[in-house]
Structure formats: C-alpha cells, structure tokens
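Examining the three-dimensional arrangement
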Amino acid sequence: ILANPFIFNWLVPRRQEQTDPIEPPADTGDRMDHIVLVGYGRVGKLIAQDLLARKRPFILIEDQTDTASAAKGEGLDVVRGNAVDPEALKAAGVDRAAKLLIAIPEGFEGGAVIEAARAINPDIAIVARAHSDAEVDYLQARGAGDAVMGAREIASRMLSLCAVPLKRHA
Ligand code: AMP
C-alpha cells in the first residue's frame, strides 16, 4: 500500500501520452452491471468481438490514442486513458460494473489496475491476463479472481485436439 503512489506515479506518465481530460463515453453514465475491458490489442479485440456478438454491454479503457480512436470509430464505448488511473476506471463506471477483464500484456501493470479497481469497487469480479505461473500468483495475490495464462490455454487446446481424430490438412 505504501508503495502504491510511487508505482502509480511511475506507470501513469509512462503510458499516458497526452493530457486530454478523461471523460465517460456519452450515454453510459447510468450503465450498471456492465463489463469493463482494459486493452484493445490482440486479446482485447477478440474479447470485444465476442461481447458485441452476445450483445453484452461493456466499456473499453485503452491508453493509446490511435487505438482508442479506432475503437470509437467501430462504435465501441471507449475511455481513452490508462487503467491504472482511478479517473479512467471511474469514467468506465467500475464502481457500478459487474466484471473487469484486464487484457494487457504487463503483469505488473495488471496488478496495479487490480488494486486501483478494488479500491473503487471491492466486490467486482476480476479476470486478468498472465504470461507465467509467477504472474498468475502475483495477479491473484493482488485480487484477481482468475488469471488466464496464454501458454497454458494453448497447451490445453492442443491436447483437446489430440483427443479427437486429427485433420490431415488445415
Ligand atoms: P496486446 O498486447 O496486443 O493485447 O495489446 C495490449 C493493448 O492494451 C494495447 O492496445 C495497449 O495500448 C493497451 N494497454 C496496455 N496497458 C494499458 C493500460 N494500463 N491501460 C489501458 N490500456 C493499456
């Protein structure tokens, strides 16, 4: 807890590339029980596509201006900001959200997002992305209910494909 301000001060200026005010997307101020998705890269885009297909309401937080603008152009509700910043989390309605999906590649940064979100909404369900067993432990110790490790999911899918007759060609 004592280290939090230092971590925050290090992370936010590093990623926050401009100083425009963080604002909630239009018409999302009364949204409840939605999902907050952090990151619109390789993983976040796949999640967003699926949520859209299921008509599951969500608000995206993305800190790269061009990526955030592209997502807005695709019709998504987007907060342009760093999810470590409580103002970005509040603008995405984390206080009223049901779930937080952290789809960013940095485990350390993911841990800082979890701590900031838990301070706003202690009950929110959190799923975070991890790259190693150590990151899974770290993220869960920070308060993630689940941490999903990419390599393990790939291995699990490959093993399940082994259990059925294999295709000879793609
Ligand atoms: P990828 O590794 O391809 O899944 O991309 C990760 C995405 O998450 C990129 O678009 C980053 O700009 C975004 N991102 C990384 N860290 C943060 C953060 N702390 N807050 C918001 N977006 C982030």
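What comes next is a walk through the structure. (Residues numbered from 1 in each chain as written. Predicted model: local features only at pLDDT ≥ 70, side-chain atom pairs only at ≥ 80, totals over all residues. Heavy atoms only, no water.)

1. Some points on the overall build of the protein chain
When helices and strands are counted, the protein chain shows seven helices and six strands. Going residue by residue from the N terminus, the α and β elements of the protein chain occur as α-β-α-β-α-β-α-β-α-β-α-β-α. Taking all 170 residues of the protein chain together, the buried fraction comes to 38%. The long-range share in the protein chain, meaning contacts at least 24 apart out of those at least 6 apart in sequence, stands at 61%. Total accessible area on the protein chain stands at roughly 9,900 Å², and carbon and sulfur atoms take up 57% of it. (Helix = DSSP H or I, 4+ residues; strand = E, 2+ residues; numbered from the N terminus. Buried < 20%, exposed > 50% of the residue type's maximum accessible area, 1.4 Å probe, protein only. Contact = heavy atoms within 4.5 Å. Areas by Shrake-Rupley, 256 points an atom, 1.4 Å probe, with all protein chains shown as cover.)

2. Points about the site of the ligand
Of all residues adjacent to the ligand, which total 19 residues, the nearest are Arg42, Glu62, Asn82, Glu109 and Arg129. Within the side chain of Arg42, a nitrogen or oxygen atom sits 2.8 Å from an oxygen atom of the ligand. Taken together, the elements giving at least two residues each to the shell around the ligand come down to α2 (42–53) and β2 (58–62). Here the residues of the shell around the ligand are counted per class, giving eight nonpolar, five polar and six charged. (Near = heavy atom within 4 Å. Polar contact = N/O pair within 3.5 Å; in protein donor to acceptor, adjacent residues only side chain to side chain. Nonpolar A, V, L, I, M, F, W, Y, C, P; charged D, E, K, R; others polar.)

3. Describing the packing of helix α5 (residues 107–120) against helix α6 (residues 133–142)
At a minimum axis distance of 9 Å, the contact between α5 and α6 shows a crossing angle of 15 degrees. Of the possible angle classes, the one that applies to α5 and α6 is roughly parallel. When the axes of α5 and α6 are compared, the crossing they make is right-handed. Along its contact with α5, which presents Gly107, Phe108, Gly110, Gly111, Ile114 and Glu115, the element α6 presents Glu135, Tyr138, Leu139 and Arg142. Grouping the constituent residues of the contact of α5 with α6 by class yields four nonpolar, three polar and three charged. (Axes fitted to C-alpha atoms, helices over the stretch in contact; angles between N-to-C directions. Parallel < 35°, antiparallel > 145°, perpendicular 65-115°, else oblique. Left-handed = near helix turned anticlockwise from the far one by under 90°.)

4. Quick word on the sheet that holds strand β6 (residues 146–149)
Read from one edge of the open sheet, six strands run β3-β2-β1-β4-β5-β6, paired in parallel fashion. The sheet is open, and its two edges are formed by β3 (78–80) and β6, each paired on a single side. In this sheet, adjacent strand axes meet at a mean angle of 15 degrees when their direction is disregarded. For strand β1 (residues 35–38) and strand β4 (residues 99–102), the ladder comprises four bridges, and the chain directions are parallel. Looking across to β4, one finds that Val36 is bridged to Leu100. Sitting on the sheet, α5 is in contact with β4 and β5 (125–130), with an inclination near 165 degrees to β4. Here helix α7 (residues 150–162) sits on the sheet and contacts β5 and β6; the angle it forms with β6, its principal contact strand, is near 65 degrees. (Pairing = 2+ DSSP bridges.)

5. Examining the nonpolar core
Residues Ile61, Leu89, Leu100, Ile102 and Val113 are the most contacted members of the largest nonpolar core, which totals 30 residues. Contributions of two or more residues to this core are made by β1, β2, α4 (86–91), β4, α5, β5, α6 and β6. Here Ile102 is in contact with Val38, Gly110, Val113, Ile114, Ile126, Val127, Ala128 and Arg129, once residues within four sequence places are set aside. Residues Ile35, Leu37, Leu60 and Ala68 belong to the second largest nonpolar core, which totals 13 residues. (Core = buried A, V, L, I, M, F, W, Y, C linked by side-chain atoms within 4.5 Å.)

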